[in-house]
Amino acid sequence: MSNVVFQNIVKQFPAAGGAPGGLAVQDLDLTIEEGSLVTLLGPSGCGKTTTLRMLAGFETPTSGRITIGGRDVTHLPVNARNVGMVFQSYALFPHMTVRQNVEYGAKLQNLSKAELNSRVDEMLETMALTPYADRAPSRLSGGQQQRVALARAVVTRPKVLLFDEPLSNLDAQLRERMRDELRAIQLRLGITSLYVTHDQSEAMAISDRVVVMRNGVVEQADTPMNVYARPGTAFVAEFMGKANILEGEVQEIGEATVRTRIAGASFELPRGPHPLRPGQRVRCVLRPEYLRIDPQGPLTATVKRVVFQGGHVEYLTEIGGQECTVTDAQYFHGGIAEQGRPLRLALDTRPVWMLADDQNTNALKAA
Ligand SMILES: Nc1ncnc2c1ncn2[C@@H]1O[C@H](COP(=O)(O)OP(=O)(O)OP(=O)(O)O)[C@@H](O)[C@H]1O
Ligand SMILES: [Mg+2]
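Residues numbered from 1 in each chain as written. Chains lettered and ligands numbered in written order. Predicted model: local features only at pLDDT ≥ 70, side-chain atom pairs only at ≥ 80, totals over all residues. Heavy atoms only, no water.

Right, let's get into the overall build of the protein chain. Helices and strands together make up the secondary structure of the protein chain, namely 10 helices and 20 strands. For the protein chain, buried positions account for 49% of its 367 residues. For the protein chain, the exposed area adds up to about 17400 Å²; of that, 48% sits on carbon and sulfur atoms. For the protein chain, the distance from the average site of its 39 positive side-chain charges to the average site of its 39 negative ones is 3 Å. (Helix = DSSP H or I, 4+ residues; strand = E, 2+ residues; numbered from the N terminus. Buried < 20%, exposed > 50% of the residue type's maximum accessible area, 1.4 Å probe, protein only. Areas by Shrake-Rupley, 256 points an atom, 1.4 Å probe, with all protein chains shown as cover. Lys, Arg positive; Asp, Glu negative; His and termini not counted. Charge placed at Lys NZ, Arg CZ, Asp CG, Glu CD.)

The structure is reproduced here in structure tokens:
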């Protein structure tokens, strides 16, 4: 067993830290199931790296407990925890060859020469690095260097793998390829992994679960699908991608749907798990892809700005005084609407998500 459990973890730095009261992490409870990949996602300074470093042993929690496979590691030194790490700047040794870099990790483990060699060979093969074994890291591409860093971490057969923004130095195309490769290797090896990123699409693409953090607190921990389509808070909705949060009024509550008035039009929206009452103001999360340009559509938007993106056109619009982003991937049929023009829109109501009542109350008070 090598599941990881954080229990009531608090990390307070001397007040010099930017977090309120120096609290970098507050009351973190989190389980990473054996063999799964969990991502910590959130804006700069929210406590992602600090959480990772506490699991690695580079930081000690102010209070709380961390276990790996049931063993309390909270106060164990780094080298007694059996974790492997892959960093943003790969931290490869420039004066060593690829092979020597990979060997380095395993050398500390007192293996026989034969065992060491066979493990390193196997690792180089797994990472498709065998042809580059005798090269210096400086003569490799970014993606190859990344694989060396991963090989060096995995060769020790760690119980847990930790990644801190490992792809952020790569260009967009390579980043996507390495992301998929990395996930494939993680699944194949079945190593329990904690991955830090501030890129929401990366998080959704590779994770079993996504933990969205804000100011040292977990806002939501759920599957990629749920954090995207069923956000617990407006913050999560907006952090996970383009979200239109439109205010509506509950008209009538049915069995599975709620008749809701949004910008002068009436919709049967899915009811969701939160309590509602007629007349209540609610905030509805509409992803741009739920809206479609349709001359017969019930909503009228005014185009404020047009952004051409190649695969689609993005319209920043206003609907009944509320901002709303609409994407159109069919512009080559209907043409591109100009700024100031009205756009009629149809809404696919099925995926629309209503935020919980307290979110509504808070958000409306703030507005
Ligand atoms: N050694 C330290 N001493 C004091 N404060 C620190 C220290 N390390 C981190 N902090 C503070 O703790 C908070 C969380 O930092 P952390 O590095 O965990 O953020 P992060 O989510 O990884 O951000 P980023 O996306 O920018 O890497 C920040 O406010 C930071 O200033
Ligand atoms: Mg960080």
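Now that the structure is up, let's keep going.
Before going further, it helps to spend a moment on a nonpolar patch on the surface. On the surface, a nonpolar cluster with roughly 220 Å² of combined accessible area is contributed by F58, V78 and F87. Tracing the sequence through the fold places F58 in the loop between α1 (48-56) and β4 (63-68). (Patch = residues over 30% accessible without salt bridge, like charges linked within 9 Å, V, L, I, M, F, W, Y side chains within 5 Å. Salt bridge = Lys/Arg side-chain N within 4 Å of Asp/Glu carboxyl O.)

Below, the discussion takes up the sheet that holds strand β12 (residues 257-262). Sheet strands line up and pair through hydrogen bonds in the backbone, either parallel or antiparallel. Taking strand neighbours across the sheet as the criterion, the 5 strands line up as β13-β12-β11-β14-β20 in an open arrangement whose pairing is antiparallel. Each end of this open sheet is capped by a strand with a single partner; those strands are β13 (265-270) and β20 (353-354). Here strand β14 (residues 281-286) pairs with β20 via 2 bridges, running antiparallel. Across the sheet, the residue bridging to V285 is W353, located in β20. (Pairing = 2+ DSSP bridges.)

We now examine the nonpolar core. Ranked by internal contacts, the top residues of the largest apolar core, which has 32 residues, are V102, M127 and L150. Contributing elements (two or more residues each) for this core: α2 (98-107), α3 (113-126), α4 (142-154), β7 (160-164) and α5 (172-189). The element contributing the most residues to this core is α4, with 6 residues. Those residues in contact with V102 that sit more than four places away from it in its chain are V120, M123, L124, V148, A151, R152 and V155. Counting residues in each nonpolar core, the second largest holds 28 residues, with L246, F267, L269 and M354 among its members. (Core = buried A, V, L, I, M, F, W, Y, C linked by side-chain atoms within 4.5 Å. Contact = heavy atoms within 4.5 Å.)

Let us now look at the sheet that holds strand β9 (residues 209-214). An order of β6-β7-β8-β3-β9-β10 is seen for the 6 strands of this open sheet, with the pairing classed as mixed. The open sheet terminates on both sides in strands that have one partner only, identified here as β6 (83-86) and β10 (217-222). For this sheet the average axis-to-axis angle between neighbouring strands, irrespective of direction, equals 20°. Where strand β3 (residues 37-41) lies against β9, 4 bridges are found, and the strand directions are parallel. Bridge assignment links V38 to a residue of β9, and that residue is R209. Across the sheet, α4 touches β6 and β7, and the angle it forms with β6 is around 170°. (Axes fitted to C-alpha atoms, helices over the stretch in contact; angles between N-to-C directions.)

We now examine the pattern of salt bridges. Counting across every chain of the model gives 18 salt bridges. Taking the shortest distance from any N to any O, the salt bridge between E181 and R147 comes out at 3.1 Å. Taken together, the residues E181 in helix α5 and R147 in helix α4 connect sequence positions 34 residues apart. By relative accessible area, which is 10% here, R147 ends up buried. In this structure, the salt-bridge partner of R214 is E219, at a minimum N-O distance of 3.6 Å. Classification of R214 by relative accessible area gives partly exposed; the value is 36%.

Moving on to the domain arrangement of the protein chain. Per the domain assignment, the segments making up the protein chain are domain 1 (4-237) and domain 2 (242-366). A straight line from the C-alpha centre of domain 1 to that of domain 2 covers 37 Å. The interface is formed by 9 residues belonging to domain 1 together with 10 residues belonging to domain 2. Buried surface at the junction of domain 1 and domain 2, both sides included, amounts to about 810 Å², of which 52% is carbon and sulfur. Considering only the side of domain 1, the residues that lose the most area to domain 2 are Y228, A234 and A237, jointly responsible for 55% of the buried surface there. Counting the contacts that link domain 1 with domain 2 gives 0 salt bridges. Where domain 1 packs against domain 2, one counts 4 residue pairs in polar contact (both at pLDDT 80 or more). For the side of domain 1 that touches domain 2, the elements supplying multiple residues, two or more each, are α7 (224-229) and α8 (234-239). The greatest single-element share of the side of domain 1 that touches domain 2, amounting to 3 residues, is contributed by α7. Of the residues belonging to the side of domain 1 that touches domain 2, the class tally is 6 nonpolar, 2 polar and 1 charged. (Domains from an automatic or database assignment. Buried area = accessible area lost by both parts, 1.4 Å probe. Polar contact = N/O pair within 3.5 Å; in protein donor to acceptor, adjacent residues only side chain to side chain. Nonpolar A, V, L, I, M, F, W, Y, C, P; charged D, E, K, R; others polar.)

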